Amino acid sequence: MKYDQELQTAIEAVKKACTLCSRVQSSLVSDETITKKDKSPVTVADFGAQTIVCHELKKAFPNDQIVAEENSKALQTEQGELVTQRIYEYVSDILPEIKKDEIHSIIDTGNSEGGPEGRFWTLDPIDGTKGFLRGEQYAIALALIENGEVIVGVLGCPNLSENLESSDGRKGLIFSAVKGHGASVRHIEEETSEKIEVSDIEHPSYAPFCESVESAHSSHSDSEKIAQILGVRAEPIRIDSQCKYAVIARGDASIYLRLPTKKDYREKIWDHAAGYIIVKEAGGRVSDVLGNDLDFSQGRTLANNRGVVGTNGELHGLVVSAVIEVLNSK
Ligand code: AMP
Ligand code: MG
């Protein structure tokens, strides 16, 4: 298969990043959190995961560009020096070839701008930092984009289990997709994968929907109105990170709503590219709130889109109509 090397490299890099993140999460202490300008928590795991994935991508594909969420600026302070030491300790346990004085420059290989031409990877080293810090769901999200189109997507979900209903299933799943070749899931420590498909629910009243835990990232009051219009009976499933896309792709939920909370906010490509291709390859649909396709050719943000609607495909038209009705009534 074309893109097999890209897929395998991405899966192995994400697995290593998952290992690092799980280790940090189980020993989380406050000095591993520093504050970014936008006040979102940034952790040793965030930078460590970016170091690992960027290093592995550059080793396999030295000419590829990377558009990643973090940069080393926040680490170039006195407090940042302590954090860099901690990052180095975690990273070198997994990749001993990485030297401490390379960490900042490896992180900064993720500084590309993206755009309409050529090929680049986009990485969210920890999507759902808030979930990570709460000990809940988060994801390592990596995708390959060529000429504005998402071609490969890998989502590492260290805390997701096979079954959303029960927490005792084995935790730690990797979801992946290659354009035109379907979507799959595997356990982090296993090599074999199985195909996944979206639900075949045709009527929205039986369709569980998912949304952000954080109402600042997606309006819960608008989603409640939309659910009412659609006659959705179940309570919303609130999960942090692109685990929401994974849950749609494997059919646990049939609708994902991300409804704008701020007029000027632009979604980031790394928050959506991997989840987008995984849902589409599992047979679902993903658009913005107006039903337009997501446009990954606009640089680091989805500048041409507002919000996101993901569904099992079957329900897409109905859901987008209800979303437009609610947004127009405001
Ligand atoms: P979630 O876990 O789905 O709530 O999404 C987490 C992501 O939301 C983070 O990676 C941020 O990049 C992104 N984010 C931050 N502010 C906003 C906002 N106002 N609207 C939508 N997404 C946001
Ligand atoms: Mg994110």
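### What about a negative patch on the surface?
A cluster of like negative charges, contributed by E197, D200, E202 and E314, occupies part of the molecular surface. Topologically, D200 is positioned in the loop between β9 (194–196) and β10 (209–211). Under the relative-accessibility criterion, D200 is labelled exposed at 67%.

### Quick word on the sheet that holds strand β4 (residues 119–127)
Spatially, the seven strands line up as an open sheet ordered β3-β4-β5-β6-β7-β8-β9, and their pairing is mixed. Bordering the open sheet on either side are β3 (65–68) and β9, each of which pairs with just one other strand. The mean inter-strand angle of the sheet, taken between neighbouring strand axes irrespective of direction, is 20°. Bridge count between β4 and strand β5 (residues 139–146): seven bridges; the pairing is antiparallel. In the strand pairing of β5, W121 is matched with L144. The sheet contacts of helix α2 (residues 44–60) involve β3, β4 and β5, and relative to β4 the element is tilted by about 155°. Sheet strands in contact with helix α8 (residues 273–281) are β4, β5, β6 (149–161), β7 (171–178), β8 (183–187) and β9, and its direction is about 95° off that of β6.

### Description of the site of ligand 1
Taken together, 15 residues sit near ligand 1, with S212, H217, S241, K244 and D271 positioned nearest. In the environment of ligand 1, a nitrogen atom lies 3.4 Å from a nitrogen or oxygen atom belonging to the backbone of A216. Here an oxygen atom of ligand 1 sits 2.6 Å away from a polar atom, N or O, in the side chain of K244. In isolation ligand 1 has 500 Å² of accessible area, and contact with the protein removes 87% of it. Counted by class, the shell around ligand 1 contains two nonpolar, five polar and eight charged residues.

### Here's the deal with the nonpolar core
Ranked by size, the top nonpolar core spans 47 residues in total, and within it L20, C21, I87, W121, I140 and L142 carry the most contacts. Sort the elements by how many residues they give to this core and helix α1 (residues 4–26) lands first, with ten residues. In this view, W121 contacts E6, A10, L57, F61, D64, Q65, I66, V67, L142, A143 and L144; residues no more than four positions away in its chain are not counted. In terms of nonpolar packing, the next biggest core, distinct from the first, is built from 41 residues, V198, C243, A274 and I278 among them.

### As for the coordination of the magnesium ion (ligand 2)
Only D124 (OD), D127 (OD) and D271 (OD) from the protein coordinate the magnesium ion (ligand 2), and they sit 1.9 to 2.3 Å from it. If you list the donors of the magnesium ion (ligand 2) from N- to C-terminus, the spacing comes out as D-x2-D-x143-D. Remark: D271 occurs in the loop between β12 (255–258) and α8 and D127 occurs in strand β4; sequence separation between them is 144 residues. Taking the relative accessible area as the measure of exposure, D127 reaches 9% and is therefore buried. The class of D271 is buried, set by a relative accessible area of 13%.

### Some points on the pairing of β7
Counting buried positions over the eight residues of β7 gives seven, a clear majority of the element. Inspection of the sheet shows β6 paired to β7 by seven bridges, in the antiparallel sense. By the bridge assignment for β7, V152 is matched with V178. In terms of strand pairing, β7 meets β8 through five bridges, oriented antiparallel.

The rules behind these values
Residues numbered from 1 in each chain as written. Chains lettered and ligands numbered in written order. Predicted model: local features only at pLDDT ≥ 70, side-chain atom pairs only at ≥ 80, totals over all residues. Heavy atoms only, no water. Patch = residues over 30% accessible without salt bridge, like charges linked within 9 Å, V, L, I, M, F, W, Y side chains within 5 Å. Areas by Shrake-Rupley, 256 points an atom, 1.4 Å probe, with all protein chains shown as cover. Salt bridge = Lys/Arg side-chain N within 4 Å of Asp/Glu carboxyl O. Lys, Arg positive; Asp, Glu negative; His and termini not counted. Charge placed at Lys NZ, Arg CZ, Asp CG, Glu CD. Helix = DSSP H or I, 4+ residues; strand = E, 2+ residues; numbered from the N terminus. Buried < 20%, exposed > 50% of the residue type's maximum accessible area, 1.4 Å probe, protein only. Pairing = 2+ DSSP bridges. Axes fitted to C-alpha atoms, helices over the stretch in contact; angles between N-to-C directions. Contact = heavy atoms within 4.5 Å. Near = heavy atom within 4 Å. Polar contact = N/O pair within 3.5 Å; in protein donor to acceptor, adjacent residues only side chain to side chain. Nonpolar A, V, L, I, M, F, W, Y, C, P; charged D, E, K, R; others polar. Core = buried A, V, L, I, M, F, W, Y, C linked by side-chain atoms within 4.5 Å. Donors = N, O, S within 2.8 Å, 3.2 Å for Na, K, Ca; no water.

All we've got here are geometric facts, nothing functional implied.
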